[in-house]
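# Reading the structure
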Amino acid sequence: MDRIIITGGRPLRGVIPISGAKNSALKLMVASLLSSEPLTLDRMPRLADTRFTATLLESLGVAVDWPDAGATVRFHAREITSTIAPYDLVRKMRASFNVLGPMLARVGHATVSLPGGCAIGARPVDLHLKAFEAMGADIVIEQGYVKAAALRGLKGASIVFPFVSVGATEHAMLAAVLADGETTLENAAREPEIVDLANCLNAMGAKIEGAGGGAIVITGVTSLREARHMVVADRIEAGTYAIAAATTGGEVRLEGAVAQHLGALIQALRAAGVEVIPDADGIVVRRENGRLQPVDIDTQPFPGFPTDLQAQFMALMALADGTSIARENIFENRFMHAPELSRLGADITVRGKEAVVRGVAKLHGAPVMATDLRASVSLVIAGLAAEGETIINRVYHLDRGFERLEEKLVACGADVRRDGGSA
Ligand code: UD1
C-alpha cells in the first residue's frame with residue numbers, strides 16, 4: 001500500500017495551480033444523467049473519486065469520454081440503460097448516492113444503495129429522501145437499498161430544510177430541474193459548489209434562481225440541451241495549500257483560487273499573523289518570520305469556517321504561540337487527526353465537539369496513519385513543518401481528493417515522495 005514520506009522543515013515557495021473542485025465535479029458529473037444531450041466539463045480534477053463516479057455513470061449507460069491526462073470530459077446519457085446503483089459502487093463514496101434524484105426525475109424510478117463514504121459520523125440521507133417525497137416520489141428502504149418511484153413524474157414542491165445540508169440541497173435541485181412546476185428550497189446551503197451546480201444546470205436549460213442565497217427557486221422544464229461548463233476552483237484545495245504555506249513559512253501563489261470563496265479562512269489566517277493578498281487570478285499567502293498567533297475556529301455552513309478545513313487549520317494551530325480551540329459543529333467524530341497530530345508532537349485534547357490545541361514550538365517527524373480525506377492532508381501539512389521524517393500510511397484517502405499533491409508540493413520546494421511500502 002502506498003505511503004508518503006516527507007522530510008519537513010522546508011518553507012514552501014512557488015506557484016500552485018488550483019484544480020477544479022472535487023465536491024462540485026461529482027455533482028456536475030451526475031447532472032449529465034438528466035439530459036439526453038451531451039454535457040462537457042472543463043477543469044475536471046483527475047481524482048480517485050471522479051474516476052470512480054465516471055465508472056458508476058458508465059454502469060448506468062452514460063458514455064464518458066475522458067482522454068488520458070485531459071481535464072475536459074464529455075458525458076452523454078443518451079439513454080439510461082440501468083436505474084440500479086449497487087452497494088459495491090455506492091458504498092465507496094457517499095456522493096454516488098446523488099445519482100438517485102436525476103434518475104428519478106428523468107425515468108421515474110431508481111434503486112440506489114444507501115451510501116458509505118468517509119468515516120466522519122453517521123451522515124444519514126433523510127433530508128434527501130424527504131425532499132423527493134415532497135415532490136411526489138414513493139420511497140421504500142429494503143435491504144439497504146432506497147427504491148424510489150414517481151411513475152407520473154415529480155411535481156414541484158415547497159421544501160423547508162430543518163438544517164443546512166449541502167448534499168440535500170444539491171440533490172433536491174437536481175431532481176427539481178425536470179419536475180412539473182415550481183420547487184422552492186428554503187434554508188438551502190449557500191456553498192460555492194451549489195452556485196456552480198446551478199450555473200451548470202442553467203447552461204443546460206434549467207431555470208434556477210437564487211442559488212448562493214438561502215432560498216432557491218427552480219421552475220421545472222421538460223428537457224435539457226447540450227452544454228459546456230467549467231468546474232469552479234477547489235476552495236478546499238486552495239485553503240489547504242494556503243494553510244500549508246502558513247505552517248511552513250514561505251510564500252505561495254494559489255493560481256485560480258477565489259478569495260470570495262475563502263473569506264472565513266482568510267480572516268482566520270490574518271488573525272494568526274499570516275499575510276493573505278488576493279490578486280486578479282489567485283491569492284498570495286506569505287509568512288516569513290515569528291510565531292503564529294492562536295485563533296479559535298468554529299465550523300459552520302458557508303460562509304462560515306468550512307468543516308473541510310478544520311483538520312488543516314488544527315495543524316497550523318499546533319504551532320501557534322498559545323492555546324486555541326477548534327469547534328466542530330457539522331460532523332460528529334471529525335477529530336480523528338488529533339491523535340495522529342499528537343504523534344508528531346502536537347498538544348491537543350478533544351472534549352466532545354471541541355479540540356483544545358496548545359501550541360508547541362516544534363513538531364517532530366513520526367509515522368502516522370491517514371484516516372479520512374481532510375484529516376490525511378492535515379498530517380501532510382504537519383509533516384511539512386515538522387523536523388525530520390514523517391511517513392503517512394493509508395494515503396489512498398488523499399488520492400480521493402487532492403490532484404497531483406506531491407507534484408504540486410515538490411514544485412514549491414517540499415521534500416515529499418511516495419513509495420509502495422507496507423501500511
Ligand atoms: C458535503 C461535502 C463534504 C463537506 C460537507 C459540509 C461533498 C461530496 N461533500 O457533504 O466534503 O464536509 O458537505 O460542508 O460535497 N445530514 C443529515 N441528513 C441528511 C443530510 C445531512 O442529518 O439527509 C447531516 C450530516 O450528517 C451532517 C450535516 O447534515 O451532520 C451536514 O451534512 P451535508 O451538508 O449534507 O454534507 P454532505 O453533503 O454529505
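The rules behind the values
Residues numbered from 1 in each chain as written. Predicted model: local features only at pLDDT ≥ 70, side-chain atom pairs only at ≥ 80, totals over all residues. Heavy atoms only, no water. Helix = DSSP H or I, 4+ residues; strand = E, 2+ residues; numbered from the N terminus. Rg over C-alpha atoms; globule rule 2.2 N^0.38 Å. Buried < 20%, exposed > 50% of the residue type's maximum accessible area, 1.4 Å probe, protein only. Contact = heavy atoms within 4.5 Å. Areas by Shrake-Rupley, 256 points an atom, 1.4 Å probe, with all protein chains shown as cover. Lys, Arg positive; Asp, Glu negative; His and termini not counted. Charge placed at Lys NZ, Arg CZ, Asp CG, Glu CD. Near = heavy atom within 4 Å. Polar contact = N/O pair within 3.5 Å; in protein donor to acceptor, adjacent residues only side chain to side chain. Nonpolar A, V, L, I, M, F, W, Y, C, P; charged D, E, K, R; others polar. Domains from an automatic or database assignment. Salt bridge = Lys/Arg side-chain N within 4 Å of Asp/Glu carboxyl O. Axes fitted to C-alpha atoms, helices over the stretch in contact; angles between N-to-C directions. Parallel < 35°, antiparallel > 145°, perpendicular 65-115°, else oblique. Buried area = accessible area lost by both parts, 1.4 Å probe. Pairing = 2+ DSSP bridges.

On to the overall build of the protein chain, then. Looking only at helices and strands, one finds 14 helices and 24 strands in the protein chain. In terms of overall dimensions, the protein chain is globule-like: its C-alpha atoms have a radius of gyration of 21 Å, near the 22 Å expected for 423 residues. Considered along the principal axes of its C-alpha atoms, the protein chain spans approximately 65 × 45 × 40 Å. By residue count, 57% of the 423 residues in the protein chain fall in the buried class. The contacts in the protein chain between residues at least 6 apart in sequence include a share of 74% that link residues at least 24 apart. Accessible surface computed for the protein chain: about 15900 Å², of which carbon and sulfur atoms make up 49%. Each charge class in the protein chain can be summarised by its mean position, and for the 43 positive and 48 negative side chains these summaries are 2 Å apart.

Attention now moves to the site of the ligand. In the vicinity of the ligand, 18 residues are found, and the nearest of them are D126, S165, V166, D308 and I330. The backbone of I330 places a nitrogen or oxygen atom 2.6 Å from an oxygen atom of the ligand. Computed on the free molecule, the ligand has an accessible area of 740 Å², of which 87% lies beneath the protein chains in the complex. Contributing elements (two or more residues each) for the shell around the ligand: helix 1 (22-31), helix 5 (126-134) and helix 6 (166-176). If you tally residues by element for the shell around the ligand, the top one is helix 5, at 3 residues. Partitioning the shell around the ligand into residue classes produces 7 nonpolar, 5 polar and 6 charged. Residues from two domains meet in the shell around the ligand; each of domain 1 (3-19 + 233-419) and domain 2 (22-230) gives at least three.

Turning next to the pattern of salt bridges. This model, assessed by the stated rule, comprises 26 salt bridges. The salt bridge partner of E251 is R286, with a shortest N-O separation of 2.7 Å. Here E251 is found in strand 15 (residues 250-255), whereas its partner R286 is found in strand 17 (residues 282-287), with 35 residues between them in sequence. In this structure E251 comes out as partly exposed when scored by relative accessible area, which is 30%. Through salt bridges with shared partners, a single network forms among D2, D399, E406 and R418.

The subject of this paragraph is the packing of helix 9 (residues 263-272) against helix 10 (residues 310-317). Direction vectors running N to C along helix 9 and helix 10 enclose 5°, while the axes themselves pass 12 Å from each other. In this view, helix 9 runs roughly parallel relative to helix 10, as classed from their interaxial angle. Residues L265, A268, L269 and A272 of helix 9 form the contact with helix 10, whose own contacting residues are F313, L316 and M317. Taken together, the residues of the contact of helix 9 with helix 10 sort by class into 7 nonpolar, no polar and no charged.

Another aspect to go through is the domain arrangement of the protein chain. In terms of domains, the protein chain is made up of domain 1 (3-19 + 233-419) and domain 2 (22-230). Taking the mean C-alpha position of each, domain 1 and domain 2 sit 30 Å from one another. The interface of domain 1 with domain 2 comprises 23 residues on the first partner and 21 residues on the second. With both chains or domains summed, domain 1 and domain 2 bury close to 1900 Å², and 53% of this area falls on carbon and sulfur atoms. Together, F302, R400 and E403 form the three largest contributors to the area buried by domain 1 at its contact with domain 2, with a combined 32%. Inspection of the domain 1/domain 2 interface yields 2 salt bridges. Residues D49 and R400 are paired through a salt bridge, measuring 2.9 Å at the closest nitrogen-oxygen approach. On inspection of domain 1 and its partner domain 2, the count reaches 6 residue pairs in polar contact (both at pLDDT 80 or more). For the side of domain 1 that touches domain 2, the elements supplying multiple residues, two or more each, are helix 12 (373-385) and helix 13 (396-401). Among the elements that line the side of domain 1 that touches domain 2, the one with the most residues is helix 13, at 3 residues. A breakdown of the residues in the side of domain 1 that touches domain 2 according to their chemical character gives 9 nonpolar, 4 polar and 10 charged.

Glancing now at the sheet that holds strand 17. Taken together, 4 strands build an open sheet; the order of strands is 2-15-17-16 and the sheet is mixed. Bordering the open sheet on either side are strand 2 (12-17) and strand 16 (275-279), each of which pairs with just one other strand. For this sheet the average axis-to-axis angle between neighbouring strands, irrespective of direction, equals 10°. With 6 bridges connecting them, strand 2 and strand 15 associate as parallel partners.

Strand pairing in a sheet relies on backbone hydrogen bonds. The paired strands run either parallel or antiparallel. One open sheet accounts for 4 strands, arranged 4-5-3-14; its pairing is mixed. Each edge of the sheet is formed by a strand with only one pairing partner; in this case those strands are strand 4 (63-65) and strand 14 (227-230). Here the strands of the sheet are splayed against their neighbours by 15° on average, with no regard to which way each runs. Across 4 bridges, the pairing between strand 3 (residues 39-42) and strand 14 is parallel. What sits directly across from T40, in strand 14, is R228. Set on the sheet, helix 7 (residues 192-203) makes contact with strand 3 and strand 14; between it and strand 14 the angle comes to about 160°.

Turning to the environment of T55, a few remarks are in order. With respect to the element layout, T55 can be found in helix 2 (residues 48-59). Along the backbone, T55 and L201 are 146 residues apart, and their C-alpha atoms lie at a distance of 22 Å.

Moving on, we come to unusual backbone geometry. Generally, phi is negative for residues other than glycine and the peptide bonds are trans, each holding for most cases. In this model, F302 is joined to P303 through a cis peptide bond whose omega is 10°. Note that P303 resides in the loop between strand 18 (297-298) and helix 10. A positive phi angle, close to 60°, is found at N187, a residue other than glycine. Among the secondary structure elements, N187 is positioned in the loop between strand 11 (182-186) and helix 7. In this structure, R404 takes a positive phi of about 50° despite not being glycine.

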